[in-house]
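Single-letter residue listing:
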Amino acid sequence: QKEVEQDPGPLSVPEGAIVSLNCTYSNSAFQYFMWYRQYSRKGPELLMYTYSSGNKEDGRFTAQVDKSSKYISLFIRDSQPSDSATYLCAMEEGGGSNYKLTFGKGTLLTVNP
Amino acid sequence: GAVVSQHPSWVICKSGTSVKIECRSLDFQATTMFWYRQFPKQSLMLMATSNEGSKATYEQGVEKDKFLINHASLTLSTLTVTSAHPEDSSFYICSAIGMKSETQYFGPGTRLLVL
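Computed from a predicted model, the values in this text were never measured in an experiment. (Residues numbered from 1 in each chain as written. Chains lettered and ligands numbered in written order. Predicted model: local features only at pLDDT ≥ 70, side-chain atom pairs only at ≥ 80, totals over all residues. Heavy atoms only, no water.)

Notes on the overall build of chain B
Line of reasoning, step 1. Broken down by element type, chain B carries 0 helices and 11 strands.
Line of reasoning, step 2. Relative to a compact globule of 115 residues, whose C-alpha radius of gyration would be 13 Å, chain B shows 13 Å and is just as compact.
Line of reasoning, step 3. Considering only C-alpha atoms, chain B reaches an extent of 40 × 25 × 20 Å along its principal axes.
Line of reasoning, step 4. Residues classed as buried in chain B amount to 52% of the 115 residues present.
Line of reasoning, step 5. Sequence-distant contacts in chain B: of pairs separated by 6 or more residues, those separated by 24 or more amount to 55%.
Line of reasoning, step 6. Within the structure as shown, chain B displays about 5,700 Å² of accessible surface, and the carbon and sulfur contribution to it stands at 54%.
Line of reasoning, step 7. Measuring between centres, the 10 positive side-chain charges of chain B sit 5 Å from its 9 negative side-chain charges. (Helix = DSSP H or I, 4+ residues; strand = E, 2+ residues; numbered from the N terminus. Rg over C-alpha atoms; globule rule 2.2 N^0.38 Å. Buried < 20%, exposed > 50% of the residue type's maximum accessible area, 1.4 Å probe, protein only. Contact = heavy atoms within 4.5 Å. Areas by Shrake-Rupley, 256 points an atom, 1.4 Å probe, with all protein chains shown as cover. Lys, Arg positive; Asp, Glu negative; His and termini not counted. Charge placed at Lys NZ, Arg CZ, Asp CG, Glu CD.)

Right, dumping it as structure tokens:
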């Protein structure tokens, strides 16, 4: 079993839809959780950074962490064609881990106008 | 803020030659830099972690003599792919963490094609 599991999709939705992206993990030592957006042939861009269980909202994006279930989600409201990209979840143990991230495989999202 | 650049953005080289990729933090000092490799439709795989002024720490399975990393200053790290072969063709991405940051900021990536 991989440390981080993420459905690679692809996921195709109409403009304006609510998008739900998810990752599960097996390493209970993960303390920090991130979502990155990566456009084709570009480097990842940090979208959300969370530490504790619960929700964190930033504009149209909401990150949700459930440490008891080892499950994290990213919700995108009112999705736009410009949201079309690959979304990567990433996790970090913290402490003395030297900021080392473990990534999911990424979910390819297409928002159709 | 927190801009990371890479140069070149793409490179084509002949098999057996060496290629150097630069990673720069433009508006902050990076205490730690990371090098990743990403194959098509795959996730980022960490190759090595480098701290300024010390030797890089390589992940299991990454040949340190083939992928030379130099983190000479707080704003510059270089990755040299020595004696490149077609199987080294990939997308190489660096990231950096600043002194007051807890998150990694990624460069735009370098696409390497070895013929």
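Having seen the model, we can carry on.
Concerning the interface of chain A and chain B
Line of reasoning, step 1. With 17 residues of chain A in contact, the opposing surface of chain B contributes 22 residues.
Line of reasoning, step 2. Surface buried jointly by chain A and chain B totals about 1,600 Å² across both partners, of which 56% is contributed by carbon and sulfur atoms.
Line of reasoning, step 3. For the pair chain A and chain B, the interface holds 1 salt bridge.
Line of reasoning, step 4. Between K100(A) and E59(B) there is a salt bridge, with the nearest N and O atoms lying 2.8 Å from each other.
Line of reasoning, step 5. There are 5 residue pairs in polar contact (both at pLDDT 80 or more) connecting chain A and chain B.
Line of reasoning, step 6. For the side of chain A that touches chain B, the elements supplying multiple residues, two or more each, are β4 (32-38), β5 (45-50), β9 (85-92) and β10 (101-103) of chain A.
Line of reasoning, step 7. For the side of chain A that touches chain B, the residue count by class is 8 nonpolar, 4 polar and 5 charged. (Buried area = accessible area lost by both parts, 1.4 Å probe. Salt bridge = Lys/Arg side-chain N within 4 Å of Asp/Glu carboxyl O. Polar contact = N/O pair within 3.5 Å; in protein donor to acceptor, adjacent residues only side chain to side chain. Nonpolar A, V, L, I, M, F, W, Y, C, P; charged D, E, K, R; others polar.)

Topic: the pairing of strand β5 (residues 45-51) of chain B
The side chains of a regular strand alternate between the sheet's two faces.
All names here are of chain B.
Line of reasoning, step 1. Extensive coverage of β5 is indicated by the burial of 5 of its 7 residues.
Line of reasoning, step 2. In this structure, strand β4 (residues 30-38) lies alongside β5, joined through 6 bridges in antiparallel fashion. If you follow Y36 over to β5, its bridge partner there is L46.
Line of reasoning, step 3. Strand direction decides the pairing type here: β5 and strand β6 (residues 57-58), joined by 2 bridges, are antiparallel. Across the sheet, T49 pairs through a bridge with T57, a residue of β6.
Line of reasoning, step 4. With antiparallel pairing between neighbouring strands as the criterion, β5 and β6 make up a hairpin whose turn holds 5 residues, including G53 at a positive phi of roughly 85°. (Pairing = 2+ DSSP bridges.)

Focus: the sheet that holds strand β1 (residues 4-6) of chain A
Residues and elements named next belong to chain A.
Line of reasoning, step 1. With antiparallel pairing, 5 strands are arranged side by side in an open sheet as β1-β3-β8-β7-β6. Of all strands in the sheet, those with a lone pairing partner are β1 and β6 (54-58), marking the two edges. Each adjacent strand pair in this sheet contributes to an overall mean axis angle of 15°, direction not counted.
Line of reasoning, step 2. Where strand β7 (residues 61-66) meets strand β8 (residues 71-76), 6 bridges bridge the pair, whose relative direction is antiparallel. By the bridge assignment, V65 is partnered in β8 with I72. (Axes fitted to C-alpha atoms, helices over the stretch in contact; angles between N-to-C directions.)

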